[in-house]
Amino acid sequence: MIVYKFGGASIKDYKSIKRLVKIIRNNNCDQMMLIVSAMGKTTNSMEDLVASYTKSYKNIKAKLELIKRFHTDIVKGLFPKNRLSALKVVDLLFNEIDKFLKLNKENDYNFIYDQLVSYGEILSSIIISKYFNSVGLKSKWVDARSCIITDEYYRDANVDFEKTSKSIKRKIKGKGLFISQGFIGSNKKSFTTTLGREGSDYSAAIFAHALNAELVTIWKDVRGVLNADPRYFNKTKLLKKISYEEAIELAFYGASVIHPKTLQPLKKKNIPLYVKSFLRPSREGTLISKHDSTVRNIPSHIVKWNRVLLKISSKDFSFIVEKKISLIFSMLSKYKMKVELIQNSAISFSVVLNNKYGGLDKLLDELKETFKVSVDKEVSLFTIRHFNRISLKHIKKLNQNILLEQRTYKTLQLVLSKNIKQENLFGFFER
Ligand code: ADP
Ligand code: ASP
Ligand code: MG
């Protein structure tokens, strides 16, 4: 069994979807699991719909209509003739969404989010499966919600690997091409859950883990894993072969080309992960496996914007030690804060946060009851793996105010006041 995953960019319109057929046919494999994301930017549009439904109550119908039109246009492009059955399924799914919007009584934003946003993946996988069948590529559609079993932590659900492995093995048997969705699962109440934004890579790894796959390939709009995000940096270098550990570190620090949870399930079963370009499928890309990293001499750069730096100290200048740290962490967890860097001294404790779920203001109110807190919003977190003298020189030339610095043997992290301007990164390697 081999597992292929196609993300939003690779299925953003009908022409891109046609390209998938060639890539799959070129592979010559009679046992394949295909995991697909929502098409193009559908997840963003669905998020926008959820925001209207729960907050502004404006333009819900128009927004839903736009999402529907986007999908029906793709169906029309894919099926010049005999498109009725595909259009019917799209209709059916949008009726389901409509019904949910009308009948839902639940107020929990995260719950509503998962029930609605997941339709992006359902739509794309059904359309693609039907299209494959229409061109003679026989495929079997599998509902990931009956395979991936999670807890009830909506929008960032945790996978129950034991139950999931059993259900996947039950559902996917024998040879053939199976198509399922990334990003989504369900809990024991049978409600849909999602695994966090960009979670489809992780889904591919979960299926691969359960099926003891031979390999996983995630098809991207870049050559492979590079030493910086090519959207912001020019003259990037390809990391041809890296170890699981190195990839885990890069993803953890924020190299968004791979979802950070993807590597662990693969490493456990020693399943190699290829990151390749869907635009140039014959090129080698990046191989991630147990073999030692060959990238020690290539510094990798990761920038995160819009982070929050908190400096927390006791009101009476007493030490910030175990009990207080534990209290701080229980508050961070309560407000779903993602902690991206920690540094402590005797009387202060600093954390860099990603306010992804919007709980910052409530967190600050609660923290301030017990602690003195200083806040820097809109800071950037700049990470360099395998930093060297040259990278330090490059950083200096950015001319940014450094609020906090942390160095380990392999990694340098800097918190820079004010978000770095994107145009300042472009010539970074040429300075
Ligand atoms: P998809 O959702 O289609 O699977 P993503 O958009 O999540 O793909 O990932 C691909 C994108 O990741 C690239 O377009 C690139 O801008 C970005 N990226 C960030 N860091 C890196 C990196 N180190 N190497 C390659 N691409 C990177
Ligand atoms: N469609 C989801 C997202 O855009 C999951 C994914 O693409 O990986 O976040
Ligand atoms: Mg994506």
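An account of the accompanying structure is given in this report. (Residues numbered from 1 in each chain as written. Chains lettered and ligands numbered in written order. Predicted model: local features only at pLDDT ≥ 70, side-chain atom pairs only at ≥ 80, totals over all residues. Heavy atoms only, no water.)

**Details of the packing of helix H4 (residues 84–103) against helix H5 (residues 109–117)**
We apply this condition: Angles here are taken between N-to-C directions and fall from 0 to 180 degrees, while the axes themselves are lines fitted to C-alpha atoms, restricted in helices to the stretch in contact. Each helix is a run of H or I in the DSSP string that is no shorter than four residues. Each strand is a run of E no shorter than two, and both are numbered from the N terminus. Convention used here: angles under 35 degrees read as roughly parallel, angles over 145 as roughly antiparallel, angles from 65 to 115 as roughly perpendicular, and any remaining angle as oblique. A clockwise turn of the near helix away from the far one marks a right-handed crossing, whereas an anticlockwise turn of less than a right angle marks a left-handed crossing. We call two residues in contact whenever any of their non-hydrogen atoms come within 4.5 Å of each other. Nonpolar residues are Ala, Val, Leu, Ile, Met, Phe, Trp, Tyr, Cys and Pro. Charged residues are Asp, Glu, Lys and Arg, and all others, Gly as well, are polar.
Direction vectors running N to C along H4 and H5 enclose 160°, while the axes themselves pass 10 Å from each other. On the basis of the axis angle, H4 is roughly antiparallel to H5. As H4 packs across H5, the resulting crossing turns out to be left-handed. Seen from H4, the contacting residues are Ile-97, Phe-100 and Leu-101; seen from H5, they are Phe-111, Ile-112, Gln-115 and Leu-116. Split into classes, the residues belonging to the contact of H4 with H5 amount to six nonpolar, one polar and no charged.

**Things to note about the nonpolar core**
Put simply, the rule reads: Buried Ala, Val, Leu, Ile, Met, Phe, Trp, Tyr and Cys residues that are joined via side-chain atoms within 4.5 Å together make up what is termed a nonpolar core. Residue exposure (1.4 Å probe, protein chains only): buried if accessible area is under 20% of the type maximum, exposed if over 50%, otherwise partly exposed.
Counting residues in hydrophobic clusters, the biggest one holds 100 residues, and the most contacted among them are Leu-34, Phe-132 and Ile-288. If we skip the residues at most four places from it in the chain, Leu-34 touches Tyr-4, Phe-6, Ile-24, Phe-132, Leu-177, Phe-178, Ile-179 and Ser-180. Among the nonpolar cores identified, the runner-up in size contains 19 residues, and Leu-332, Val-351, Leu-353 and Val-373 belong to it.

**Concerning the packing of aromatic side chains**
What counts is decided by this rule: Whether two aromatic rings pair depends on their centres lying within 6.5 Å, for rings of Phe, Tyr and Trp, where Trp uses its six-membered ring; planes under 30 degrees apart make the pair stacked, over 60 edge-to-face, and the rest tilted.
Applying the stated criterion to the full structure yields 15 aromatic pairs. Judged by centre distance (6.0 Å) and plane angle (5°), the rings of Phe-6 and Trp-219 are stacked. Placement of Phe-6 in strand S1 (residues 2–6) and of Trp-219 in strand S7 (residues 215–220) is noted, with a sequence separation of 213 residues between them. Of the two residues examined, Phe-6 and Trp-219, each falls in the buried class. Summarising the aromatic geometry, the rings of Phe-111 and Phe-191 are spaced 4.9 Å apart at their centres and angled 85° between planes, so their arrangement reads as edge-to-face. Residue Phe-111 is found in helix H5, and its partner Phe-191 is found in the loop between strand S5 (184–186) and strand S6 (192–194); the two are separated by 80 residues along the sequence.

**Describing the sheet that holds S1**
Selection criterion: Two strands make a pair as long as DSSP finds a minimum of two bridges between them.
Pairing is mixed across the open sheet formed by eight strands, whose spatial order is S3-S4-S2-S1-S7-S9-S10-S8. Where the open sheet ends on each side, the last strands, each with one partner, are strand S3 (139–141) and strand S8 (241–243). With direction set aside, neighbouring strand axes in the sheet form an average angle of 20°. Together, S1, strand S2 (31–36) and S7 form the strand contacts of helix H1 (residues 14–25), whose direction differs from that of S1 by roughly 160°.

**Some points on the site of ligand 2**
Inclusion rule: In this text, near means that some heavy atom of the residue lies within 4 Å of the molecule or strand in question. Whenever a nitrogen or oxygen atom comes within 3.5 Å of another N or O atom, the pair is scored as a polar contact, on the condition that within protein one atom can donate a hydrogen and the other can accept it, and that pairs from neighbouring residues in sequence are kept only if both atoms are in side chains. For the accessible areas, the method is Shrake-Rupley and the probe is 1.4 Å, while residue cover comes only from the protein chains on display.
By nearness alone, every residue bordering ligand 2 is listed as Ser-37, Ala-38, Thr-43, Glu-121, Phe-183, Arg-197, Glu-198, Gly-199 and Ser-200. For ligand 2, an oxygen atom lies 2.7 Å from a polar atom in the backbone of Glu-198. Taking Gly-199, its main chain carries an N or O atom lying 3.3 Å from an oxygen atom of ligand 2. Taken by itself ligand 2 offers 260 Å² of open surface, and the protein chains cover 94% of this. The residue makeup of the shell around ligand 2, split by class, is two nonpolar, four polar and three charged.

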